[in-house]
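Listed here are the chains, written in short residue letters.
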Amino acid sequence: MRSLVLDPGNVTLFELSQLYHDGRSAKLSRKCKPAVQAATKMVALAASGNEAVYGVNTGFGKLAHIKIPKRDTATLQRNLILSHCAGVGKPMSTQITRLMMALKLISLGRGASGVRWKLIELLEGMLAKGVTPIVPEQGSVGASGDLAPLAHMAAVMIGEGEAEFGGKTMPGKKALTSAGLPPIALGPKEGLALINGTQFSTAFALAGLFEAWNCGQNAILAACLSTDAIMGSTAPLQPEIHELRGHRGQIEVAASMRTLMAGSEIRESHRDDDTRVQDPYCIRCQPQVTGAAMDLLRQAGRTLEIEANAATDNPLVLASADRIVSGGNFHAEPVAFAADIIALAIAEIGSIAQRRVALMVDPTLSFDLPPFLTPDPGLNSGYMIAEVTTAALMSENKHLANPCSTDSTPTSANQEDHVSMSAHGARRLIRMNRNLSGILAVELLCGAQGIEFRSPLKTSKTLRAVVATIRKHIPKLTDDRYIASEIKQASDMIRSGELTTSLHRAVLPTITKRKPQ
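Fair warning: this is a prediction, and the values are worked out from it, not measured in the lab. (Residues numbered from 1 in each chain as written. Predicted model: local features only at pLDDT ≥ 70, side-chain atom pairs only at ≥ 80, totals over all residues. Heavy atoms only, no water.)

A closer look at the packing of helix H1 (residues 13-22) against helix H9 (residues 199-229)
Line of reasoning, step 1. Remark: H1 packs on H9, axes separated minimally by 11 Å, with the N-to-C direction vectors making an angle of 90°. In terms of orientation, H1 lies roughly perpendicular with respect to H9. Contacts between H1 and H9 involve Leu13, Leu16, Ser17, Tyr20 and His21 from the first element and Leu206, Ala207, Leu209, Phe210 and Glu211 from the second. (Axes fitted to C-alpha atoms, helices over the stretch in contact; angles between N-to-C directions. Helix = DSSP H or I, 4+ residues; strand = E, 2+ residues; numbered from the N terminus. Parallel < 35°, antiparallel > 145°, perpendicular 65-115°, else oblique. Contact = heavy atoms within 4.5 Å.)

Laid out in structure tokens, this is it:
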């Protein structure tokens, strides 16, 4: 698979999703090389002068007042990387680490960091040849950059730390040489350019966004199955209702549900003489809730697309103004806010999905489905405890959805006295999406089971195909059996996109758009 050529400042959410989902390697458009080289010359000039320039010939953070002799500038950058390799916890996944590396490439390519082009080429080479630094997940507070995790990435570039190559974990230097890549000796400011930035937090937030959108699409499918399973009304999906409100997500979710359920015999069977006047909110208000969540995800996506293209280094080399200036673009507050917004969307998609599961297993609410969706209740418990599992996952996500961006603690001897907490704010999204896919997995199983109980009436052709795909992996539940593995299978189907990729692109809302060719 060819490398994706990235144009710093203009990289799209679609391209970022390709990097994440497809594992594409990346390289920068050579159009950005003159700007990068102009900044490099300015840093070299500053390093050879006598004026104190932060991060070039001074200490860091609270030690910025200490001037470093010219002879020690290379040691200064190396020491910076080694001293900041203080992360703990399990390693990042290869998938998210590679996305983080690509984000760092984009940031350096803006031409405001002052690094040499050969450093950019090393990062490109590592992506192309599959040298992936081992980066602990914990240690960043999301201000002054994601210092610790990015230092672990940078350590491999100088022949230190650990990396994965060829399916094995090995010392960083061995990984580079095995791939035919030489370690780099850092020039002035290059260590600081590598670790100052929001790329760790942004990579996790983007991963959380893409997984949440996938879950949202699957939630629409699951909602349609549930609606037909309990013989719910499609009247609340009328387009005029949603156009009168005007929210894009709500309009799109209602349209998707109308399309997916079109032609359902189950729906037509109770269109007249149904004694129920209105369905519960978890059926009637699906477009309003899931649609609003998808609007939030789009909002967060726009923030993260901007951040992915940003120069978040400090100091920044302003070549057009002939100045090197200290600022605060490393503060990841926008990423922290985006992560909090994504967390809210994940929690609410799961909350309303869980109520649909509860509706289907309750014989007083499910319109004559058997208790807990088992054909022989009493002797069998059916999906009784599977519903309890969804309640546990829903409650856990509610707790995790509490904001991280409102937390702060001073660090670095009060020099860095307000921080964003974007790092763990973004990391929790991985866990929350895993929980959400578990809730939706149970809903898909219950929805398929409920629809089969309506036989000989049939659901729509599209939803019959969805049920058939589920049944290829997981048989109908008759007598009680071990179902934990089946819930995992259904969750894996959701996370892989197996149920949604077969649908025409126009059926479900999308968050990414291809660039016009």
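Text resumes after the structure shown.
Thoughts on unusual backbone geometry
Line of reasoning, step 1. Residue Pro315 follows Asn314 across a cis peptide bond; omega there is -5°.
Line of reasoning, step 2. Topologically, Pro315 is positioned in the loop between helix H14 (286-308) and strand E8 (316-318).
Line of reasoning, step 3. For the bond running from Ser455 to Pro456, omega is 15°, close enough to zero to count as cis.
Line of reasoning, step 4. Within the secondary structure, Pro456 is located in the loop between helix H17 (422-453) and helix H18 (461-473).
Line of reasoning, step 5. Positive phi is not limited to glycine here, since Leu373 has a value of about 60°.
Line of reasoning, step 6. Along the chain, Leu373 turns up in the loop between helix H15 (333-361) and helix H16 (384-400).

Details of the pattern of salt bridges
Line of reasoning, step 1. Here the structure, examined in full by the defined rule, presents 15 salt bridges.
Line of reasoning, step 2. One salt bridge connects Asp7 with Lys31, and the closest N-O pair in it is separated by 3.9 Å. Placement of the pair is Asp7 in the loop between strand E1 (4-6) and H1 and Lys31 in the loop between strand E2 (26-28) and helix H2 (33-48), with a sequence separation of 24 residues.
Line of reasoning, step 3. Note on Lys31: relative accessible area 63%, which makes it exposed.
Line of reasoning, step 4. Residues Arg428 and Asp340 are paired through a salt bridge, measuring 2.3 Å at the closest nitrogen-oxygen approach. Separated by 88 residues along the polypeptide, Arg428 in helix H17 and Asp340 in helix H15 bring together distant segments of the chain. Comparing Arg428 with Asp340, the two get one shared label, buried.
Line of reasoning, step 5. Residues joined in a network through salt bridges with shared partners are Arg248, Glu252 and Arg298. (Salt bridge = Lys/Arg side-chain N within 4 Å of Asp/Glu carboxyl O. Buried < 20%, exposed > 50% of the residue type's maximum accessible area, 1.4 Å probe, protein only.)

Concerning the sheet that holds strand E6 (residues 162-165)
Line of reasoning, step 1. What the 3 strands build is an open sheet, ordered E4-E6-E7; its pairing is antiparallel. Strands with a single pairing partner mark the edges of an open sheet, and in this sheet they are strand E4 (132-133) and strand E7 (168-171).
Line of reasoning, step 2. Here 4 bridges tie E6 to E7, and the two strands are oriented antiparallel to one another. Bridging across to E7, Phe165 finds its partner in Lys168. (Pairing = 2+ DSSP bridges.)

As for the packing of aromatic side chains
Line of reasoning, step 1. A complete count under the given rule lists 2 aromatic pairs for this structure.
Line of reasoning, step 2. Ring centres of Tyr20 and Phe210 lie 5.9 Å apart, and the angle between their planes is 35°; this geometry places the pair in the tilted category. With Tyr20 in helix H1 and Phe210 in helix H9, this residue pair connects regions lying 190 residues apart in the sequence. Considered together, Tyr20 and Phe210 belong to a single accessibility category, that of buried residues.
Line of reasoning, step 3. Above the plane of the ring of Phe453 lies Lys476, whose end atom (NZ or CZ) is 5.1 Å from the centre. (Phe/Tyr/Trp six-rings, centres within 6.5 Å; stacked < 30°, edge-to-face > 60°. Lys NZ or Arg CZ within 6 Å of the ring centre and 35° of its normal.)

Considerations on the environment of Leu359
Line of reasoning, step 1. Residue position: Leu359 is located in helix H15.
Line of reasoning, step 2. Sequence separation between Leu359 and Cys282 is 77 residues; the distance between their C-alpha atoms is 8.6 Å.
Line of reasoning, step 3. If sequence neighbours within four positions are ignored, Leu359 has contacts with Ile230, Pro280, Cys282, Ile283, Leu365 and Ser366.

Re the side chain of Thr500
Line of reasoning, step 1. Tracing the backbone shows Thr500 in the segment after helix H19 (484-496).
Line of reasoning, step 2. The buried category is assigned to Thr500, whose relative accessible area is 9%.
Line of reasoning, step 3. In this structure Thr500 touches Asn214, Gln217, Asn218, Leu221 and Leu508, once residues within four positions along its chain are discounted.

Observations concerning H16
Line of reasoning, step 1. Its 17 residues give H16 an end-to-end C-alpha distance of 25 Å, which sits within 8% of 24 Å, the value for a rise of 1.5 Å per residue.
Line of reasoning, step 2. Within H16, the full set of buried residues consists of Ala386, Glu387, Thr390, Leu393, Met394, Asn397 and Leu400. Down the axis of H16, the buried set is contained in an arc of 135°. They therefore lie on one face. In H16, the exposed positions angled more than 90 degrees off the buried face are occupied by Ile385 and His399.
Line of reasoning, step 3. On its buried face, H16 is in contact with H15, H17 and H19. (Expected span 1.5 Å × (residues − 1). Arc of directions from axis to C-beta.)

As for the environment of Arg98
Line of reasoning, step 1. Checked against the element boundaries, Arg98 lands in helix H4 (residues 94-108).
Line of reasoning, step 2. Between the C-alpha atoms of Arg98 and Pro188, which are 90 residues apart in sequence, the distance is 25 Å.
Line of reasoning, step 3. Excluding residues that lie within four positions of it along the chain, Arg98 makes contacts with Gly23, Arg24, Ser25, Met126, Leu127, Gly130 and Thr132.
Line of reasoning, step 4. Side-chain polar atoms of Arg98 contact the backbone oxygen of Gly23, separated by 3.4 Å. (Polar contact = N/O pair within 3.5 Å; in protein donor to acceptor, adjacent residues only side chain to side chain.)

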